[in-house]
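Structural overview
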Amino acid sequence: MDWKDYLNEWGLSLRGLAQGGLHYGEDGEAGQVRYARIREIALQMIDDGDAVTEEALQVWGAELVDMADASLEEGLENPFDLDRYQVVRQLGEKMRALGK
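Let me begin by describing the structure that accompanies this report. (Residues numbered from 1 in each chain as written. Predicted model: local features only at pLDDT ≥ 70, side-chain atom pairs only at ≥ 80, totals over all residues. Heavy atoms only, no water.)

To continue, consider a nonpolar patch on the surface. A surface patch of nonpolar side chains, amounting to about 290 Å² of accessible area, comprises Met1, Tyr6 and Leu98. By the secondary structure assignment, tyrosine 6 is in helix 1 (residues 3-24). (Patch = residues over 30% accessible without salt bridge, like charges linked within 9 Å, V, L, I, M, F, W, Y side chains within 5 Å. Areas by Shrake-Rupley, 256 points an atom, 1.4 Å probe, with all protein chains shown as cover. Salt bridge = Lys/Arg side-chain N within 4 Å of Asp/Glu carboxyl O. Helix = DSSP H or I, 4+ residues; strand = E, 2+ residues; numbered from the N terminus.)

This is how it looks when you write it as C-alpha coordinates:
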(Lines give C-alpha, C1' and ligand atoms only; values in the text may rest on other atoms or scores of the structure.)
Protein backbone atom coordinates (compact mmCIF):
# COMPACT_ATOMS: atom_id res chain seq x y z
CA MET A 1 0.00 0.00 0.00
CA ASP A 2 1.19 3.49 -0.70
CA TRP A 3 0.75 6.64 1.38
CA LYS A 4 -2.55 7.66 -0.27
CA ASP A 5 -4.03 4.19 0.34
CA TYR A 6 -3.25 4.40 4.06
CA LEU A 7 -4.78 7.86 4.31
CA ASN A 8 -7.90 6.79 2.48
CA GLU A 9 -8.33 3.61 4.52
CA TRP A 10 -7.80 5.37 7.84
CA GLY A 11 -9.96 8.30 6.79
CA LEU A 12 -12.84 5.99 5.87
CA SER A 13 -12.49 4.14 9.18
CA LEU A 14 -12.45 7.36 11.17
CA ARG A 15 -15.40 8.74 9.24
CA GLY A 16 -17.42 5.63 10.02
CA LEU A 17 -16.50 5.73 13.69
CA ALA A 18 -17.41 9.42 13.87
CA GLN A 19 -20.75 8.92 12.12
CA GLY A 20 -21.62 6.08 14.48
CA GLY A 21 -20.66 8.19 17.47
CA LEU A 22 -22.60 11.23 16.28
CA HIS A 23 -25.71 9.14 15.73
CA TYR A 24 -25.55 6.57 18.52
CA GLY A 25 -23.03 8.00 21.00
CA GLU A 26 -24.09 8.34 24.60
CA ASP A 27 -21.18 10.37 25.94
CA GLY A 28 -22.91 13.74 25.97
CA GLU A 29 -22.14 17.06 24.35
CA ALA A 30 -18.38 16.66 24.76
CA GLY A 31 -18.60 13.39 22.87
CA GLN A 32 -20.53 15.04 20.06
CA VAL A 33 -17.83 17.70 19.75
CA ARG A 34 -15.11 15.03 19.68
CA TYR A 35 -16.93 12.93 17.08
CA ALA A 36 -17.45 16.01 14.90
CA ARG A 37 -13.72 16.77 15.07
CA ILE A 38 -12.86 13.15 14.23
CA ARG A 39 -15.13 13.44 11.20
CA GLU A 40 -13.36 16.67 10.14
CA ILE A 41 -9.97 14.97 10.34
CA ALA A 42 -11.29 11.99 8.38
CA LEU A 43 -12.67 14.18 5.61
CA GLN A 44 -9.38 16.07 5.32
CA MET A 45 -7.54 12.78 5.00
CA ILE A 46 -9.90 11.54 2.29
CA ASP A 47 -10.33 14.78 0.35
CA ASP A 48 -6.81 16.20 0.61
CA GLY A 49 -4.78 12.98 0.66
CA ASP A 50 -2.18 14.27 -1.79
CA ALA A 51 -1.58 17.39 0.28
CA VAL A 52 -1.31 15.68 3.69
CA THR A 53 2.17 16.02 5.19
CA GLU A 54 3.89 13.83 7.74
CA GLU A 55 3.68 16.73 10.18
CA ALA A 56 -0.11 16.96 9.73
CA LEU A 57 -0.38 13.23 10.26
CA GLN A 58 1.55 13.49 13.53
CA VAL A 59 -0.60 16.39 14.74
CA TRP A 60 -3.84 14.59 13.87
CA GLY A 61 -2.57 11.37 15.44
CA ALA A 62 -1.73 13.17 18.68
CA GLU A 63 -5.11 14.91 18.65
CA LEU A 64 -6.95 11.61 18.15
CA VAL A 65 -5.02 9.94 20.97
CA ASP A 66 -5.74 12.88 23.28
CA MET A 67 -9.46 12.84 22.43
CA ALA A 68 -9.68 9.10 22.99
CA ASP A 69 -7.80 9.31 26.29
CA ALA A 70 -10.05 12.13 27.52
CA SER A 71 -13.12 10.11 26.63
CA LEU A 72 -11.85 6.96 28.27
CA GLU A 73 -10.96 8.89 31.45
CA GLU A 74 -14.57 10.10 31.67
CA GLY A 75 -15.65 6.53 32.35
CA LEU A 76 -17.79 5.63 29.39
CA GLU A 77 -20.67 3.30 30.19
CA ASN A 78 -21.75 2.44 26.65
CA PRO A 79 -19.57 -0.41 25.34
CA PHE A 80 -19.97 0.86 21.76
CA ASP A 81 -18.56 4.28 22.68
CA LEU A 82 -15.73 2.55 24.50
CA ASP A 83 -14.93 0.42 21.45
CA ARG A 84 -15.08 3.41 19.10
CA TYR A 85 -12.64 5.43 21.17
CA GLN A 86 -10.26 2.49 21.52
CA VAL A 87 -10.13 2.16 17.73
CA VAL A 88 -9.69 5.94 17.35
CA ARG A 89 -6.77 5.74 19.77
CA GLN A 90 -5.16 2.86 17.86
CA LEU A 91 -5.46 4.73 14.56
CA GLY A 92 -4.06 7.86 16.18
CA GLU A 93 -1.05 5.91 17.43
CA LYS A 94 -0.45 4.48 13.94
CA MET A 95 -0.69 7.93 12.39
CA ARG A 96 1.82 9.37 14.87
CA ALA A 97 4.22 6.50 14.23
CA LEU A 98 3.94 6.78 10.45
CA GLY A 99 4.45 10.52 10.62
CA LYS A 100 7.79 10.16 12.42
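After that view of the structure, there is still more to cover.
The next point concerns the packing of aromatic side chains. For any two aromatic rings, the description comes down to two numbers: the centre-to-centre distance and the angle of the planes. If you walk through the whole model with that rule in mind, you get 2 aromatic pairs. A ring pair is formed by tyrosine 6 and tryptophan 10, whose centres lie 5.5 Å apart and whose planes are at 45 degrees; its orientation type is tilted. In this pair, tyrosine 6 and tryptophan 10 are both assigned in helix 1, 4 residues apart and thus about one turn of the helix distant. In this structure tyrosine 6 comes out as partly exposed when scored by relative accessible area, which is 33%. A relative accessible area of 7% means that tryptophan 10 is categorised as buried. Ring centres 5.0 Å apart and planes at 15 degrees place the aromatic pair tyrosine 35 and tyrosine 85 in the stacked group. Here tyrosine 35 is found in helix 2 (residues 28-47), whereas its partner tyrosine 85 is found in helix 4 (residues 79-99), with 50 residues between them in sequence. The two residues tyrosine 35 and tyrosine 85 agree in class, both being buried. (Phe/Tyr/Trp six-rings, centres within 6.5 Å; stacked < 30°, edge-to-face > 60°. Buried < 20%, exposed > 50% of the residue type's maximum accessible area, 1.4 Å probe, protein only.)

This part takes up the pattern of salt bridges. All told, the structure shown has 7 salt bridges when counted by the stated rule. A salt bridge links arginine 34 to aspartate 27; its shortest N-O distance comes to 3.8 Å. Overall, the relative accessible area of 10% leaves arginine 34 in the buried class. When salt bridges with common partners are traced through the structure, they connect Asp27, Arg34 and Glu74 into a single cluster.

A few words on the packing of helix 2 against helix 3 (residues 54-73). Following both chains from N to C, one finds helix 2 and helix 3 inclined at 160 degrees, their axes separated by 11 Å at the closest point. Taken together, the axis directions place helix 2 and helix 3 in an arrangement best described as roughly antiparallel. The hand of the helix 2/helix 3 crossing is left-handed. Mapping the contact onto sequence places Arg34, Arg37, Ile38, Ile41, Gln44 and Met45 in helix 2 and Leu57, Trp60, Glu63, Leu64, Met67, Ala70 and Ser71 in helix 3. By residue class, the composition of the contact of helix 2 with helix 3 is 8 nonpolar, 2 polar and 3 charged. (Axes fitted to C-alpha atoms, helices over the stretch in contact; angles between N-to-C directions. Parallel < 35°, antiparallel > 145°, perpendicular 65-115°, else oblique. Left-handed = near helix turned anticlockwise from the far one by under 90°. Contact = heavy atoms within 4.5 Å. Nonpolar A, V, L, I, M, F, W, Y, C, P; charged D, E, K, R; others polar.)

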